[in-house]
Amino acid sequence: AWKWIDQEFGSVHPADITPPEWVAMLAEHREKHPAMAKTMRALMQGLYAWLSTQSRHAPDVTSNPLREIPGYALPARYSYFKPADLARLYRAAESASDVFETVAIRLLILTARRKSEIEELRWDEIDFAERVITIPKERTKTGREDAFPMTERMVALLEAVPRQNGPYVFSRSGGHRAIKLNLKRTRAL
């Protein structure tokens with residue numbers, strides 16, 4: 001968001017940006033990137049609120065011009081996988097380019113995990129005896145280690161993946177580099 005604000009106004013002092021200029025900039029970004037426009041508005045509201053209390057650093061900022069600009073709700077998400085899409089995607093994964101992509105896509109559907117967590121899955125994160133996959137805290141969004149159980153189908157899928165020399169389960173480079181799934185292409189199947 002800061003990058004876009006900087007592109008719009010550059011080195012212009014915040015006190016010199018008028019409410020109509022903010023309205024025009026936010027309206028333009030609201031069309032293309034509604035979530036980013038909402039974030040930009042929130043960031044700048046915080047900056048103006050802080051500047052208006054720091055009279056020695058910004059004596060010309062006495063009010064928050066964004067207070068006059070009404071907030072707005074983000075539109076509902078319209079691009080998500082529905083149950084019928086997931087069933088079709090699970091079947092279509094059979095025509096993926098190789099066993100790594102097929103199993104990764106199916107595991108992604110069965111676990112409902114983040115794409116990067118499945119793409120970068122390592123053999124040492126899978127405990128077949130306990131039937132548990134443990135994602136280390138460095139790879140989770142929450143920053144906490146996350147363990148989840150494997151179903152019989154998940155175990156069968158993972159056992160079908162050929163073992164390679166490197167640590168990654170899904171790799172076309174001998175296990176040394178994780179694959180990148182293209183779900184847009186797969187979803188179109």
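Refer to the structure presented above.
Since we're looking at a predicted model, the values are computed, not measured.

1. Focus on the overall build of the chain
Secondary structure assignment for the chain yields 8 helices and 3 strands. Split into buried and exposed, the 189 residues of the chain put 37% on the buried side. Taken as a whole, the chain presents about 11,600 Å² of accessible surface, with 54% of it coming from carbon and sulfur.

2. Details of the side chain of Glu-125
By the secondary structure assignment, Glu-125 is in the loop between helix H6 (115-119) and strand S1 (126-127). In contact with Glu-125, not counting residues within four places along its chain, are Glu-120, Val-132, Ile-133, Thr-134, Ile-135, Pro-136 and Arg-139.

3. So, the environment of Trp-50
Relative to the helices and strands, Trp-50 is located in helix H3 (residues 34-53). Separated by 14 residues in sequence, Trp-50 and Asn-64 have C-alpha atoms that sit 9.4 Å apart.

4. Description of the pairing of strand S2 (residues 132-135)
The alternating pattern of S2 places Ile-133 and Ile-135 on a buried face and Val-132 and Thr-134 on a face that is not buried. Here S1 runs beside S2; their pairing, made up of 2 bridges, is antiparallel. By the bridge assignment, Ile-126 is partnered in S2 with Ile-133. Linking S1 back to S2 in an antiparallel pair, the connection comprises 4 residues, with Arg-131 at a positive phi of about 60 degrees. In this sheet, strand S3 (residues 146-149) lies alongside S2 in antiparallel orientation, the contact comprising 4 bridges. Across the sheet, Ile-135 pairs through a bridge with Asp-146, a residue of S3.

5. Side note on the nonpolar core
Grouped burial of nonpolar side chains is what soluble globular proteins tend to show. Leu-121, Ile-126, Ile-133, Leu-158, Val-169 and Phe-170 are the most contacted members of the largest nonpolar core, which has 27 residues in total. When residues of this core are traced back to their parent elements, those giving at least two are helix H4 (83-92), helix H5 (99-111), S2 and helix H7 (152-159). With 6 residues, H5 is the largest single contributor of residues to this core. With 9 residues, the next largest nonpolar core counts Leu-26, Met-40, Leu-66 and Ile-69 among its residues.

6. Details of the side chain of Ser-171
Examined against the element boundaries, Ser-171 turns out to sit in the loop between H7 and helix H8 (183-187). Among the polar contacts listed, one links the side chain of Ser-171 to the backbone oxygen of Arg-177, at a separation of 2.7 Å. Those residues in contact with Ser-171, other than ones at most four positions away along the chain, are Phe-100, Gln-164, His-176, Arg-177 and Ile-179.

7. Remarks on unusual backbone geometry
Despite not being glycine, Ala-112 has its phi angle at roughly 55 degrees, a positive value. Secondary-structure assignment places Ala-112 in the loop between H5 and H6. Judged by relative accessible area, which is 66%, Ala-112 ranks as exposed. A positive phi angle, close to 60 degrees, is found at Arg-131, a residue other than glycine. Its place among the elements puts Arg-131 in the loop between S1 and S2.

The rules behind each value
Residues numbered from 1 in each chain as written. Predicted model: local features only at pLDDT ≥ 70, side-chain atom pairs only at ≥ 80, totals over all residues. Heavy atoms only, no water. Helix = DSSP H or I, 4+ residues; strand = E, 2+ residues; numbered from the N terminus. Buried < 20%, exposed > 50% of the residue type's maximum accessible area, 1.4 Å probe, protein only. Areas by Shrake-Rupley, 256 points an atom, 1.4 Å probe, with all protein chains shown as cover. Contact = heavy atoms within 4.5 Å. Pairing = 2+ DSSP bridges. Core = buried A, V, L, I, M, F, W, Y, C linked by side-chain atoms within 4.5 Å. Polar contact = N/O pair within 3.5 Å; in protein donor to acceptor, adjacent residues only side chain to side chain.

These values are about where atoms sit, not about what they do.
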